[in-house]
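Per-entry structural report
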Amino acid sequence: MMLARATRFLEDPLSGGFQYVYSAVSNMFFFLLNIIQVLYNSILPKSTKGWLHKLFQNLLIAIISVGPIPEHVSFIMDGNRRFAKSNNIPLQRGHEAGGFTLLTLVYICKKMGVRCVSAYAFSIENFNRPKEEVETLMTLFNVKLEEFANRASDFKDPLYGSKLKVVGDRSLLSLDTQKRLDEVEKLTEDGQEFTFYVCFPYTARNDIQHAIYLKSKSFQAKEIELENITEETLSRDMYLDEFSNRCDILIRTSGHKRLSDYMLWQSHQNTTIEFVSTLWPDFSFIQMFLIFFRWSFFTTIQEFNSKDKSLLDTFSPGLNILEKRKSTSINSLPDPPISVSVLGK
């Protein structure tokens, strides 16, 4: 019976049965984690807590690094205002908490080996919000960008070697803000290991329109033939450069199940879209780890299948444990060699 179940799983690992098992394991994981956290907060001294937290985080990062790693991860950071309201704190504090969460997760993604992270920091539609809130977001935006740029330029910081790019319709920003963005980007222009795209102000429709406009100008200037305007060449003129044609994981927090005009082109194929009920400032490393773990697992299965080789073929020798092994008679072995030469130094 157990052998039959294992065979069915390896032949069809994407079945609903696995989804159930994965959900049960995840729930058990969070249950045990809550118990550990209670003991962790009530017994251990502060210095020991920090050491254990870092050790546990590094262990999970090492586990996830064994399998496939997503190249492009994107966040729709939703829930800052509800977080502020639910905690009875000023709206600015809610956005500041969201900024802290973003920089923390960007650092973790870089440590895991992710090549690119993009974040929906400000939609073009957000200009319709109250003037006071827009000004607060602009101020916080500039502060966090400068913080990231300074950290990315400091060789002692884990974010060193990162490239920062602010993408979107900059014509909607003030000249002073545009100038500051140019200065901040210049500080990190030599980064090669990791790219962080801040979409501000951005919408997917504007991104596509921008690429079509550039291609039209090139065609009018006779710099490109009509036959050469393809999906691939159009992607190159989009805001996210080489990552414009692909987004491996797109995560939206706060429970809303919509994309809000974000990454519509990039999430057209093989994108894992995760809608998480947690508010953005509360979105944790553990939640992101489980999303990465599931993506890595299914990606591994897809890689096996693309090579016309299933997990059953790989593990079938181990499943035949009940099969009687053939014995070999000593008389059937070849004769030993007449002489052996040994050279030692």
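The sections below set out a description of the structure shown in this document.

1. Overview of the sheet that holds strand β6 (residues 272-275)
- The 6 strands are arranged β3-β4-β2-β1-β5-β6 in an open sheet whose pairing can be described as parallel. Because the sheet does not close on itself, it has two edges, and the strands there are β3 (162-167) and β6. Between one strand axis and the next, the sheet turns through 15° on average, direction left out of account.
- The pairing of strand β5 (residues 249-252) with β6 spans 4 bridges and is classified as parallel. The residue bridging Arg252 from the neighbouring strand is Phe275, located in β6.

2. Observations regarding unusual backbone geometry
- Going from Phe200 to Pro201, the amide bond is cis rather than trans, its omega being -20°.
- Inspection of the secondary structure assignment puts Pro201 in the loop between β4 (194-199) and α8 (204-220).
- A positive phi angle, near 55°, is found at Asn88, a position not held by glycine.
- Secondary-structure assignment places Asn88 in the loop between α4 (80-86) and α5 (91-112).

3. As for the pairing of strand β1 (residues 72-76)
- For β1, the tally of buried residues reaches 5 of 5 residues, placing the bulk of the element in the interior.
- Side chains His72, Ser74 and Ile76 of β1 all project onto a buried face; the interleaved residues Val73 and Phe75 project onto the opposite face, where all are buried too.
- Bridge count between β1 and β5: 4 bridges; the pairing is parallel. Each bridged residue has a counterpart across the sheet, and for Ile76 the counterpart in β5 is Arg252.

4. Brief notes about the packing of α5 against helix α10 (residues 285-306)
- Relative orientation of the contacting elements α5 and α10 amounts to 40°, with a least axis distance of 11 Å. Our classification of the angle between α5 and α10 gives oblique. By crossing handedness, the relation of α5 to α10 is classed as right-handed. Packed against α5, whose contacting residues are Leu105, Ile108, Cys109 and Met112, the element α10 presents Phe285, Met288 and Phe292 at the interface.
- Across the contact of α5 with α10, the residue classes tally to 7 nonpolar, no polar and no charged.

5. Here we look at the nonpolar core
- Within the largest apolar cluster, 48 residues are counted, with the highest numbers of intra-cluster contacts made by Phe75, Phe196, Phe283 and Phe292.
- Setting aside residues up to four positions removed in sequence, Phe75 forms contacts with Leu105, Cys109, Val117, Ser118, Ala119, Tyr120, Ile251, Tyr262, Trp280, Phe283 and Met288.
- Core analysis: the second largest hydrophobic core is formed by 16 residues, Tyr120, Cys199, Tyr202 and Ala204 among them.

6. Side note on the packing of aromatic side chains
- Counted according to the given criterion, the structure contains 14 aromatic pairs.
- Arranged with centres 6.1 Å apart and planes meeting at 90°, the rings of Tyr120 and Tyr202 form a pair that is edge-to-face. One end of the pair, Tyr120, is in strand β2 (residues 116-120); the other, Tyr202, is in the loop between β4 and α8, and 82 residues separate them in sequence.
- Pairing Tyr197 with Phe243 gives two aromatic rings, centres 6.4 Å apart and planes at 70°, and the pair type is edge-to-face. A residue pair is termed long-range when its members are at least 10 positions apart, and Tyr197 in strand β4 and Phe243 in the loop between α9 (231-236) and β5 qualify at 46 residues.
- Owing to a relative accessible area of 3%, Tyr197 belongs among the buried residues under this scheme.
- These aromatic residues form a ring-pair network of at least three members: Tyr120, Tyr202, Tyr239 and Tyr262.

What counts, and where the lines are drawn
Numbering of residues starts from 1 in every chain and runs along the sequence as written. Where totals are concerned, whole chains, interfaces and linings use all residues; where local detail is concerned, this predicted model gives features only for residues with pLDDT of at least 70, and gives and counts side-chain atom pairs only at 80 or more. Values shown for side chains rest on all heavy atoms present in the structure; no hydrogens or waters enter the calculation. Between any two strands, pairing holds if DSSP finds at least two bridges. By definition, any uninterrupted DSSP run of H or I lasting at least four residues is a helix, any uninterrupted run of E lasting at least two residues is a strand, and each is numbered from the N terminus. Axes, fitted as lines to C-alpha atoms, cover a helix only where it is in contact. Angles between the N-to-C directions of the axes lie from 0 to 180 degrees. When a residue's accessible area, from a 1.4 Å probe over protein chains only, is under 20% of the maximum for its type it is buried; when over 50% it is exposed; and in between it is partly exposed. What sets the label is the angle itself: under 35 degrees gives roughly parallel, over 145 gives roughly antiparallel, 65 to 115 gives roughly perpendicular, and the rest give oblique. For any helix crossing, the convention is left-handed if the near helix is rotated counterclockwise from the far helix by under a right angle, and right-handed if that rotation is clockwise. Only heavy atoms enter the contact rule, under which two residues are in contact if any of them lie within 4.5 Å. When residues are grouped by polarity, Ala, Val, Leu, Ile, Met, Phe, Trp, Tyr, Cys and Pro land in nonpolar, Asp, Glu, Lys and Arg in charged, and all others, Gly among them, in polar. Each nonpolar core is a collection of buried residues, namely Ala, Val, Leu, Ile, Met, Phe, Trp, Tyr and Cys, held together in the definition by side-chain atoms within 4.5 Å. Aromatic rings from Phe, Tyr and Trp, taking only the six-membered ring of Trp, are treated as a pair when their centres fall within 6.5 Å; an angle between ring planes under 30 degrees marks them as stacked, one over 60 as edge-to-face, and anything in between as tilted.

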